[in-house]
Amino acid sequence: MVDAARQPLIEVKAYTEVERVEGFVGNFKVTLREKAKYVRADRCNGCAACAKACPVEVPNYFEMNLAPRKAAYIPMSQSVPLIYNIDMDACIHCYKCVEACGALEAIDFSMEDKMVEEEIGAIVVATGFGHFDPTPMTEYGYGRFPNVITAMEMERLNNSAGPTRGSLMRPSDSKSLRRLAIINCVGSRDKRYNSACSNFCCMYAIKNALLLKQMIPEMDISIYYIDIRTPSKGYEEFYDRAREAGIKFIQGRPAGITEDPDSHQLFIKSEDITLGRVVEHEYDMVMLNQAAIPQPDQNHMSSVLNVAQSPGGWYMEYHPKLRPMDSPTDGIFFAGACQGPKDIPASVAQGSAAAARASRILHSDTWQIEPTVAVVWEDRCVSGKGQACGICERACPYGAIDYTKGISAEVITAKCHGCGACVGECPHDSITQLHYTDAQVLAQIRTLLAVEPEKKILAFRCQWCSYGGADLAGTSHFEYSANERGLRVMCSARMDADLIYEAYRLGAGAVLFSGCHPQDCHYITGQIAGAKRAARLDKMFARMGMNPARFRTEWISAAEGDKYARVINEMQAALDAIPQDELKAEIERLKPEMEKKLSKLNQIPGVEEAMIQVDFIVSEMQNKAVPV
Amino acid sequence: MSLPVNSKLAEQVKAIPGGEMLMMCFSCGTCTSKCMIQEKLEPAYNPRRLIREAVFNLEDMAFNDRTTWLCSACDLCYPACPQKIHISGVINAVKQLAVARGRQNPYQTAKVDESTCVACELCVEICPYEAISLIGKKVPFRGMISMASVDPGKCMACGICNAACRSTSIRLEQDFNDNLVVENLWGWLESEAV
Amino acid sequence: MSEEIKTPNYAGAMPGDNPRIGVYVCHCGSNIAGVIPCDQVVDFAANLPGVVHAAETMYACADSGQRLIKEDITRHGLNRVVVSACSVRMHEPTFRACVAEAGMNPFLMEMANIREQCTWAHGHDREGALEKAKDLTAAAVAKAAFLTPLDMIEVPVSKKALVIGGGVAGINAALDLAEQKIPVILVEKEPTIGGVMAQLNKTFPTMDCSI
């Protein structure tokens, strides 16, 4: 803490919130709200005269509200920066602090929140975690039974800088205690609250037990647990030490706590699973090892930063294994528990790792971005012609498209991640994606279906997941039908309906529409757009009377090689089950319908000219295949 | 309902409505410590262990386990379970499978007196476990008549039918029969009077 | 800031030049050649419109394979390269760099995956695998003909970092950046930095003080 304050290149802005983040990698424009402290930082010397003079007392959040602070305060004596604050919600405007401050004149009641704009190259998000409030778990009586406390309250109660100066006592009668229970997994590993494991609480329970055992050797301490998890270096040894020290580990999650209302003694009944018996014990105090949960304002911050959240509410990383520090937005990195519960060593390590990731950018004069981005054909965009549209802006998971009615949509190139969702969604074919243009993808489709298309299964796959799944099927030698013809785009969101129509127009036997599972999408919500489109197509094809075996949607991760092979084999079997003449008749019947849907295809820039060329390739292939 | 009999116990339990979440159990023991039957009646009663027996396909063990037959589906454990497993649903699934395999409920169930039942359906309507239905049965000298019938796989011996029946044709015969209940009541009243 | 960033140079789907495509069919030892006769794929590809040169190579990714491609680019005046070999997840960066070294725009290289997604998956259907390898190669050739040169987009960088959150992770990140001479703004919503760490007594597993 003090190091950070001493380091001249670090500007510590405490009591400040991030209001707005705009821009893109290397070029963020960040608006910060410096909240009014009513004490001038340049004058306050941290002498505490104002706090001494202040007559108002309110609970101190830093002490888990177990101790009071003044309205003129610092949260703790070692605060960094050492500048007092006046809590205007509590202040009664008696101005005694002004008097006490005297000639220093540091207190300034006219201060207001100040907005500051900063130009930033890279952002490290290290917003940490919040603590689960066990009050809703009425079975544990937190809030009703005075001697049931949370882990963070225990932290302050046994801390020499805490409200009791480190002498642990029961809240009900301020007496010392002899029997303590610690209950693990309070609100974590619990589908009613947070289904995930909070990662560090097992170790944390052991630490508190050992610490208290050192303070009061005769104390009887039990830890109730479901599983004890000690995965990192030195942790299992730490667990050994705790058992050696006589701490009792009881495997069994207590269903509830009861209290004697007169003595405030507590009783815990649980199954001791290793004994296979229900046991009941009496305790003087119970510590609930509460779950680590996302910060209460994490939803808000996630929209300020435009980074997605995983199902549990934590920030979602670019890739859980290969890029755990990166957010899906270039130039924004995660450190510590905001990305998922982490203990101190892991948080420190990720802090350094995120700094290293960020410094790659910050040490460069310029930063390179893949050019496979979306571009708008300004002459085709209907918005430029005065029509209301904005579909592309809504389709973009990154807010990389600016839409204003009357002006053709504009792609903010540096924000674009190249998923192609806008291309897939644009109803007027006014956007294309470089390196995956309609002409380029259509050229592939036509060649793949040049010969005997009715026998082929054309598989559209996303680059990150289902293409990887197909790779894994090969690597694992899961064999599948060789009639499959794979085609790669970056995301299922890019799989434009036109491309599917074209496949059927050419007479494809079957089409597979595949991408990642919704939670794995590389492009935040790309898969969701893809899935919606696939469902729409499915319905439409059913209405047209297409055999359902000819269109299939599957979400296949890069780890599901077996699934890829199985899906293709199932599709092949279903295709084989359709009699040839029936299939051919259906293809012929649907061809005009597909042609109708594709009537504007040739108007897409480049497509008509390209297709003339592709037809040379196609006829060459057909000539080769059918010897005259 | 047809039960899948050719697969392993865990698969069968999962296939029965109420048993779907079986495999989610991580054996924390909350259900056991919450259970009233365990506390008041049967110290060896253990829903967590029964779930484990089902997970590991220990069919004989599960069918012989008293837990299978004693659960009253009071569902105290259900809201306490951190994995949201409907434990009484799982136990009920095991019980149905046991009955389907010809196991007898070792505990008492309600019995119908075939000679007096008039098939009024009061018990059918009131049974909280849907254990009673009307069946047609041939009775000597009376021919084919309809009457109440208790499914021993579903009956929990709560006695509500016994109380509801106007002709005392459906009864619990051992513990908690009419005479015992009346005797108990008198006992309590007398002690109150003293 | 966005107006400073140039949208990549792009003149529509058709390149202004005539494609001169080189096709390289990799044996990958026996991984590919053990299932399909690569020479037949080469013969097939050589006749496709736009292809001016097609060759087999034992290992396209090896130094010798890459040298061959680079030399051919000059010798045959190639302006597109198709590599029929393994997965793009494996070697797309390799071959992009390879053609770039020969002076070609890296985005004018296209791969056909005839290993993971063909010979490895269809070991028992050699005829089917051969037809598929031809089709995949043809599709890559067709796409290659319409590839346009693309430049990586360069954006300037503001040399200042923002760290949001003054807990143990944020402080550490800020210190690491500052020690690399990068100015850092460390923002904390509470009046003091330190986060949860500052509230703790001792910390595991070494039981030292938290502050």
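Treat the numbers as computed from the prediction; the structure is a model and nothing was measured.

Asks: I'm lost on the overall build of chain C in this one. Help?
Replies: Scanning chain C from terminus to terminus reveals seven helices and nine strands. If one aligns the C-alpha atoms of chain C with their principal axes, the spans along those axes are about 75 × 45 × 25 Å. Considering chain C as a whole, with its 211 residues, one finds that 57% of them fall into the buried category. Taking all contacts inside chain C whose residues are at least 6 apart in sequence as the whole, residues at least 24 apart take part in 67%.

Asks: Is there a simple way to think about the interface of chain C and chain A in this case?
Replies: Interface size, as often reported, equals the accessible area lost upon joining of the parts. Counting from both sides, the interface comprises 93 residues of chain C and, opposite them, 113 residues of chain A. When residues of the side of chain C that touches chain A are traced back to their parent elements, those giving at least two are α4 (115–119), α5 (126–145), β5 (153–156), β6 (161–164), α6 (168–179), β7 (184–188), α7 (195–199) and β8 (202–203) of chain C. Broken down by element, the side of chain C that touches chain A gets its largest block of residues, eleven residues, from α6 of chain C. Here the side of chain C that touches chain A is composed, by residue class, of 53 nonpolar, 23 polar and 17 charged. Sheet topology places strand β21 (residues 366–369) of chain A next to β5 of chain C; four bridges connect them, and they run antiparallel. Bridge pairing in β5 of chain C places Thr 366 of chain A opposite Pro 156 of chain C.

Asks: When you look at the sheet that holds strand β14 (residues 248–251) of chain A in this model, what are you seeing that I'm missing?
Replies: Pairing between the strands of a sheet comes from backbone hydrogen bonds, and it takes one of two forms, parallel or antiparallel. Residue and element names in this part refer to chain A. Spatially, the five strands line up as an open sheet ordered β11-β18-β12-β13-β14, and their pairing is parallel. Each edge of the sheet is formed by a strand with only one pairing partner; in this case those strands are β11 (148–150) and β14. Looking at each pair of strands side by side, their axes are set apart by 25° on average, direction ignored. Relative to β14, strand β13 (residues 220–225) runs parallel, the two sharing four bridges. What sits directly across from Ser 222, in β14, is Lys 248. Together, β12 (179–186), β13 and β18 (285–290) form the strand contacts of helix α5 (residues 201–215), whose direction differs from that of β12 by roughly 170°.

Asks: Looking at this structure, I do not really get the sheet that holds strand β29 (residues 551–555) of chain A. What am I missing?
Replies: Residue and element names in this part refer to chain A. In space, the four strands of this open sheet follow the order β27-β26-β28-β29, with parallel pairing throughout. With partners counted over all chains shown, the strands left at the sheet margins are β27 (484–489) and β29, one partner each. Across this sheet, the average inter-strand angle for adjacent strands is 20°, counted without regard to direction.

About the thresholds
- What you see as residue numbers is a count from 1 along each chain, following the sequence as written.
- As a convention, the first chain written is A and the first ligand written is 1, with the rest following in written order.
- In keeping with the model being predicted, local features are shown solely for residues with a pLDDT of at least 70 and side-chain atom pairs are shown and tallied solely at 80 or more, while totals for entire chains, interfaces and linings include all residues.
- Each helix is a run of DSSP H or I of at least 4 residues and each strand a run of E of at least 2, with the numbering of both proceeding from the N terminus.
- Between the buried cut of 20 or more and the exposed cut of 12 or fewer other C-beta atoms within 10 Å of a residue's own C-beta lies the partly exposed class, and all C-beta atoms are placed from the backbone.
- A pair of residues counts as a contact when their C-beta atoms, built from backbone coordinates, are within 7 Å of each other.
- Gly counts as polar in this scheme, as do all residues outside two lists: the nonpolar Ala, Val, Leu, Ile, Met, Phe, Trp, Tyr, Cys and Pro, and the charged Asp, Glu, Lys and Arg.
- Strands qualify as paired when DSSP identifies two bridges or more between them.
- Angles run from 0 to 180 degrees between N-to-C directions of axes, and those axes are lines fitted to C-alpha atoms, restricted for helices to the stretch in contact.

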